Amino acid sequence: MSPLSSVTTFESTRLWGRPDDRRRHWRRFVGGFAALVLALLLVVLVGKRFPGARGLVSLVYDAVLPAVLFCAPPVVSAVSAYSDGGVFASLAVGVVPGALFSVVLGLMRIATGQSTGEAPLWALALAFVGIGVAGAVVGYGVGRGLCRLAERRSA
């Protein structure tokens, strides 16, 4: 094996993650996080239609949803990076909340014909995706740093 091919393999591993479980890793971290965000958004949308669920909807809308949209991407990205996930998986984790929020709001606007607020939807999408990606990059760095620290401690 030439030194050049080992560098390419190292870079490919950092970008995409370990080749042996790449698909499972993406399903677990990106897909699982997307399912969680989508489920919370649907709880808020469907729960607003039922007067008896106001307490649950209020809790999810005021506390859980903002935490998942803004605070969870760095944590999920750090855990993904620690478990040998790649940069692209971490970036996808950062994009998921803003993209799903925008898609759900866009579909709600199409279905109801009502405006989603004063800010244009594209501006909200860019802001949420930007915040998520910035947090995911920080989370990736923290996760890789912790992984390297654990490797040095065990060696």
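These figures come from a predicted structure and were not determined experimentally.

**Q** Account for the side chain of serine 77, naming residues and giving values.
**A** Along the chain, serine 77 falls in helix α3 (residues 54-82). By relative accessible area, serine 77 is classed as buried at 0%. Beyond its immediate sequence surroundings of up to four residues, serine 77 is in contact with Ser90, Val93, Ala136, Gly139 and Tyr140.

**Q** So, the packing of α3 against helix α5 (residues 121-154): which residues are in play, and what are the values?
**A** What describes two packed helices is the angle between their axes and the distance between those same axes. The N-to-C vectors of α3 and α5 enclose an angle of 30°; their axes lie 6 Å apart at closest approach. α3 and α5 meet at a crossing whose hand is right-handed. When α3 is examined against α5, the residues Leu69, Phe70, Pro73, Pro74, Ser77, Ala78, Ala81 and Tyr82 are found in contact with a partner set consisting of Phe128, Ile131, Gly132, Gly135, Ala136, Gly139, Tyr140, Gly143, Arg144, Leu146, Cys147 and Ala150. Residues belonging to the contact of α3 with α5 are distributed by class as follows: 14 nonpolar, five polar and one charged.

Rules and cut-offs
Residues numbered from 1 in each chain as written. Predicted model: local features only at pLDDT ≥ 70, side-chain atom pairs only at ≥ 80, totals over all residues. Heavy atoms only, no water. Helix = DSSP H or I, 4+ residues; strand = E, 2+ residues; numbered from the N terminus. Buried < 20%, exposed > 50% of the residue type's maximum accessible area, 1.4 Å probe, protein only. Contact = heavy atoms within 4.5 Å. Axes fitted to C-alpha atoms, helices over the stretch in contact; angles between N-to-C directions. Left-handed = near helix turned anticlockwise from the far one by under 90°. Nonpolar A, V, L, I, M, F, W, Y, C, P; charged D, E, K, R; others polar.

Without other data, these values stay purely geometric and don't point to any function.
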